[in-house]
Amino acid sequence: MNKHQLPEEFSHQAEIQSPRIQIVGANLSFKKKRNPLDEGLPSEDKIKRLTDGPRKIKPPPKKSWLQDIWSFAAPEDKAFKQVLFDVHINCYNGVLALIGPSGSGKSSVVKLINRMHETSKEKNFEFRGDILIDGESIFDSRVDEVVLRKEVGMIFQKANPFPKTIYDNVAYGIRIHGLANDEAEEAELVQEALEKAGLLDETFDAVHSMLATDLSGGQQQRLCIARAIATQPSFLLMDEPT
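Residues numbered from 1 in each chain as written. Predicted model: local features only at pLDDT ≥ 70, side-chain atom pairs only at ≥ 80, totals over all residues. Heavy atoms only, no water.

Novice: Sorry if this is basic, but what is going on with the side chain of S29 here?
Specialist: Assignment of secondary structure puts S29 in strand β1 (residues 21-31). Excluding its chain neighbours within four sequence positions, the residues that come into contact with S29 are F80, K81, Q82, V83, N124, F125 and E126. (Helix = DSSP H or I, 4+ residues; strand = E, 2+ residues; numbered from the N terminus. Contact = heavy atoms within 4.5 Å.)

Here it is in structure tokens:
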């Protein structure tokens, strides 16, 4: 062992202490939803929808406490509302839980890690900061978002199965990323994922015939877990999957 080497136990400890995921100075703002009341007096049709009768209502004041918050969050563009302020998080090997009240930004943080906010057709957010995985920025021009989302899987709070069979739901990611060399290997990966998610015994005889949308709510969520782990991601983001 030369002077630049560490004993094996210390090397292992140093590896554990290196963060796998780093969120550095994350600031996230979302486009404010358009409110008809912000545009002055609403039309008669809008009044009928908002009230029991066509009462004449006053327009909101030109400046309110809510507008003060918007101007503070995004001084250059009041159309955006800031939801994350200078967030710094280091994620190591193992399990990390984000705990906080509803609306505190937990889901917003999670979706940043695999760039889920960018899947919307309309760019409705602004982000400043950086996110590193194993020391490399996920926003580097060389990063392929599809490959990133394979390595960083996600399970949402609400189950979102595809309108396909149970088998095809789990096999979808396997096929997209070319993880199986033949049908037999694909079937093996599907079975393994269903077994890990605790759904294999309940659906074994119906995986090729039953639509995922016909499963119970709990079964659908376990199917989504199986679909996520079937691609063998390095990281798994779970947004309160109950």
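There's plenty left to go through after this.
Novice: Looking at this structure, I do not really get a nonpolar patch on the surface. What am I missing?
Specialist: Where nonpolar side chains cluster on the molecular surface, the patch consists of V146, Y172 and I176 and spans about 280 Å² of accessible area. Mapping V146 onto the fold places it in helix α5 (residues 145-151). The partly exposed category is assigned to V146, whose relative accessible area is 45%. (Patch = residues over 30% accessible without salt bridge, like charges linked within 9 Å, V, L, I, M, F, W, Y side chains within 5 Å. Areas by Shrake-Rupley, 256 points an atom, 1.4 Å probe, with all protein chains shown as cover. Salt bridge = Lys/Arg side-chain N within 4 Å of Asp/Glu carboxyl O. Buried < 20%, exposed > 50% of the residue type's maximum accessible area, 1.4 Å probe, protein only.)

Novice: Just checking my understanding: could you explain the environment of A171 for this structure?
Specialist: Along the chain, A171 turns up in helix α6 (residues 166-176). Separated by 18 residues in sequence, A171 and L189 place their C-alpha atoms 8.0 Å apart. For A171, the contacting residues outside a window of four places in its chain are E186 and V190.

Novice: What's the story with the packing of α6 against helix α9 (residues 217-229) in this structure? I'm lost.
Specialist: Geometry of a packed helix pair, given as the angle between the helix axes and the separation of the axes. Contact geometry of α6 with α9 gives a least axis separation of 7 Å together with a crossing angle of 30°. For the element pair α6 / α9, the angle class is roughly parallel. In this structure, α6 crosses over α9, and the sense of that crossing is right-handed. Side by side, α6 and α9 meet where I166, N169 and V170 of the first sit next to L223, A226 and R227 of the second. Of the residues contributing to the contact of α6 with α9, the split by class is 4 nonpolar, 1 polar and 1 charged. (Axes fitted to C-alpha atoms, helices over the stretch in contact; angles between N-to-C directions. Parallel < 35°, antiparallel > 145°, perpendicular 65-115°, else oblique. Left-handed = near helix turned anticlockwise from the far one by under 90°. Nonpolar A, V, L, I, M, F, W, Y, C, P; charged D, E, K, R; others polar.)

Novice: Just checking my understanding: could you explain the packing of aromatic side chains for this structure?
Specialist: A ring pair, where both rings are aromatic, is described by two values, the distance of the centres and the angle of the planes. Counting across every chain of the model gives 2 aromatic pairs. Summarising the aromatic geometry, the rings of F127 and F139 are spaced 5.2 Å apart at their centres and angled 35° between planes, so their arrangement reads as tilted. Of this pair, F127 sits in strand β3 (residues 125-133) while F139 sits in the loop between β4 (136-137) and α5, and the two are 12 residues apart along the sequence. Taking the relative accessible area as the measure of exposure, F139 reaches 30% and is therefore partly exposed. Measuring from centroid to centroid gives 5.0 Å for F162 and Y172, while their planes differ by 65°, and the two rings are edge-to-face. Of this pair, F162 sits in the loop between β5 (152-155) and α6 while Y172 sits in helix α6; the two residues are 10 residues apart in sequence, bridging distant segments of the chain. We classify Y172 as partly exposed; its relative accessible area is 39%. Above the face of the F162 ring, R227 is positioned so that its terminal group lies 4.1 Å from the ring centre. (Phe/Tyr/Trp six-rings, centres within 6.5 Å; stacked < 30°, edge-to-face > 60°. Lys NZ or Arg CZ within 6 Å of the ring centre and 35° of its normal.)

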